[in-house]
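Geometric and topological summary
Residue strings, one per chain:
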Amino acid sequence: MKIDINTKMVTLIGTPLGQSFAARMQNAGYEAAGLNMLYFYTEADKEHLGEIVGGLRYMNFAGFAVTKPNKVRVLRYLDELDPLCRKMGASNTVVKTPEGKLIGYNTDGIGFYTSLTQDGGIEVDQSVFFCFGGGGAGRAMCSVLAHYGARKIYITDAFEPCAKSLTADINESFAPVAEFVHYGDLSKLAACDVVLNASGIGMGATVGQSPMPPEYIQPSQFYFDACYNPDKTQFLLNAEEKGCRVLNGLGMSLHQGAAQIELWTGQKAPVEAMRLELLAILAEQRQ
């Protein structure tokens, strides 16, 4: 990859980022599409987010991506929000217009929905969901489930105001299907068809941990974890041991990343090239 004065840059802002495959996937996509672009990491938390976003506004960026813990806070630094992003209350994708405006979008939701329905075979309008995590990823996932007619969504988070806020926002902006659950109360799990982990527990410093004890798992349930590195978190391993079907966040990452490229460039993303790069990374991880 040659970098010159015309190279458009994209950075992912969040922490931790050591487990992310996004840069390799995105850069493989740019190369396959013949785009003069470069994707790289900026590890930062909420404390300096405003200063970073302010700087990017005046630099040669096509836009930027946002991940934990910045997907909600970033909204305060943007000029406009896509209608779905506004309803979700979180952004993972920001486009910088030629005039320097920063417009927030959320591709996590469509990436999650595409993977859950195509790779997981889940019929959203026939299912009851339980979600661990009400932050940025949880917001996108639960919001898109409500948008597509989920029967019921139970939401819990160790930081309870986060889960309460998401529950209220979904019921007001999408459909009255969400219910707040106190953290540690797992009594609703038995009534659920699909259990989601959007908490981040199981990756980074929490590898080997799960947001729930395995004795609550039922073989008839489907388990999804937004994490993809490790490719099977303890949450998924526990479910698989009980005979459940499981799915990690790799497909979600692929489809949301493809949608990002289309927003930043206005052209079709090379999904297959991006998929092959992700599979190559996973193969390397297993060696």
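Residues numbered from 1 in each chain as written. Predicted model: local features only at pLDDT ≥ 70, side-chain atom pairs only at ≥ 80, totals over all residues. Heavy atoms only, no water.

What about the nonpolar core?
In terms of nonpolar packing, the biggest core is built from 32 residues, with Phe112, Phe129, Leu145, Ile153, Ile170 and Leu196 touching the most fellow members. Breaking this core down by element, the ones donating at least two residues are helix H4 (108–119), strand E7 (128–132), helix H5 (136–147), strand E8 (152–156), helix H6 (160–173), strand E9 (178–180), strand E10 (194–197) and strand E11 (222–225). Considering every element that reaches this core, the biggest residue donor is H5, with seven residues. The contacts of leucine 145, once residues within four sequence positions are left out, are Phe112, Leu116, Val124, Phe129, Ala150, Ile153 and Leu196. Counting residues in hydrophobic clusters, the runner-up holds 25 residues, among them Tyr30, Val95, Ile261 and Leu282. (Core = buried A, V, L, I, M, F, W, Y, C linked by side-chain atoms within 4.5 Å. Buried < 20%, exposed > 50% of the residue type's maximum accessible area, 1.4 Å probe, protein only. Helix = DSSP H or I, 4+ residues; strand = E, 2+ residues; numbered from the N terminus. Contact = heavy atoms within 4.5 Å.)

Looking at the side chain of glutamine 256
Here glutamine 256 shows up in helix H8 (residues 250–265). Within polar-contact distance, the side chain of glutamine 256 engages the backbone oxygen of serine 253 at 3.3 Å. Excluding residues that lie within four positions of it along the chain, glutamine 256 makes contacts with Asn92, Thr107, Asp108 and Gly111. (Polar contact = N/O pair within 3.5 Å; in protein donor to acceptor, adjacent residues only side chain to side chain.)

As for the pattern of salt bridges
Within this structure, the stated rule accounts for ten salt bridges. Two residues, aspartate 169 and arginine 139, come together in a salt bridge whose shortest N-O distance is 2.7 Å. One end of the pair, aspartate 169, is in helix H6; the other, arginine 139, is in helix H5, with 30 residues separating them in the sequence. Classification of arginine 139 as buried rests on a relative accessible area of 6%. Three or more residues are tied together by salt bridges with common partners; here these are Arg24, Glu277 and Glu284. (Salt bridge = Lys/Arg side-chain N within 4 Å of Asp/Glu carboxyl O.)

Quick word on empty space enclosed by the protein
Summed over the entire model, instances satisfying the criterion amount to one cavity of 30 Å³ or more. Computed from the structure, the largest cavity encloses a volume of approximately 510 Å³. If you list the elements that add at least two residues to the lining of the largest cavity, you get strand E3 (61–66) and H8. No other element matches H8, which puts four residues into the lining of the largest cavity. When grouped by side-chain class, the residues that make up the lining of the largest cavity number 15 nonpolar, twelve polar and four charged. (1 Å grid on protein atoms, 1.4 Å probe; cavity = no way out; pocket = protein on both sides within 12 Å on 5 of 7 lines; lining within 4 Å. Points joined across faces, edges and corners; volume = space filled by probe spheres on them. Nonpolar A, V, L, I, M, F, W, Y, C, P; charged D, E, K, R; others polar.)

Some thoughts on the layout of surface pockets
Estimated volume of the largest pocket: approximately 580 Å³. Along the wall of the largest pocket there are 33 residues; nearest its centre are Lys68, Pro69, Gly135, Gly136 and Cys162. Only H5 and H6 provide two or more residues apiece to the lining of the largest pocket. Class assignment of the residues belonging to the lining of the largest pocket gives a composition of 14 nonpolar, twelve polar and seven charged.

Things to note about the sheet that holds E3
A sheet is described by the order of its strands in space; here six strands give the open sequence E2-E1-E3-E5-E6-E4, paired in mixed fashion. Pairing within the sheet leaves two strands with one partner each, and these edge strands are strand E2 (37–43) and strand E4 (80–81). One ladder, built from five bridges, connects strand E1 (residues 8–14) with E3; its direction is parallel. Residue methionine 9 lies in a different strand from E3, and its bridge partner there is phenylalanine 61. Together, E1, E2, E3, strand E5 (93–96) and strand E6 (102–105) form the strand contacts of helix H2 (residues 49–56), whose direction differs from that of E1 by roughly 175°. Its contacts with the sheet place H8 against E1, E2, E3, E5 and E6, and it is angled at close to 15° to E5. (Pairing = 2+ DSSP bridges. Axes fitted to C-alpha atoms, helices over the stretch in contact; angles between N-to-C directions.)

A look at the side chain of threonine 11
With respect to the element layout, threonine 11 can be found in strand E1. Residue class for threonine 11 comes out buried when judged on its relative accessible area of 0%. In terms of polar contacts, threonine 11 uses its side chain to reach the backbone carbonyl oxygen of phenylalanine 40, at 3.0 Å. If sequence neighbours within four positions are ignored, threonine 11 has contacts with Phe40, Tyr41, Thr42, Leu56, Phe61, Gly63, Phe64 and Ala65.

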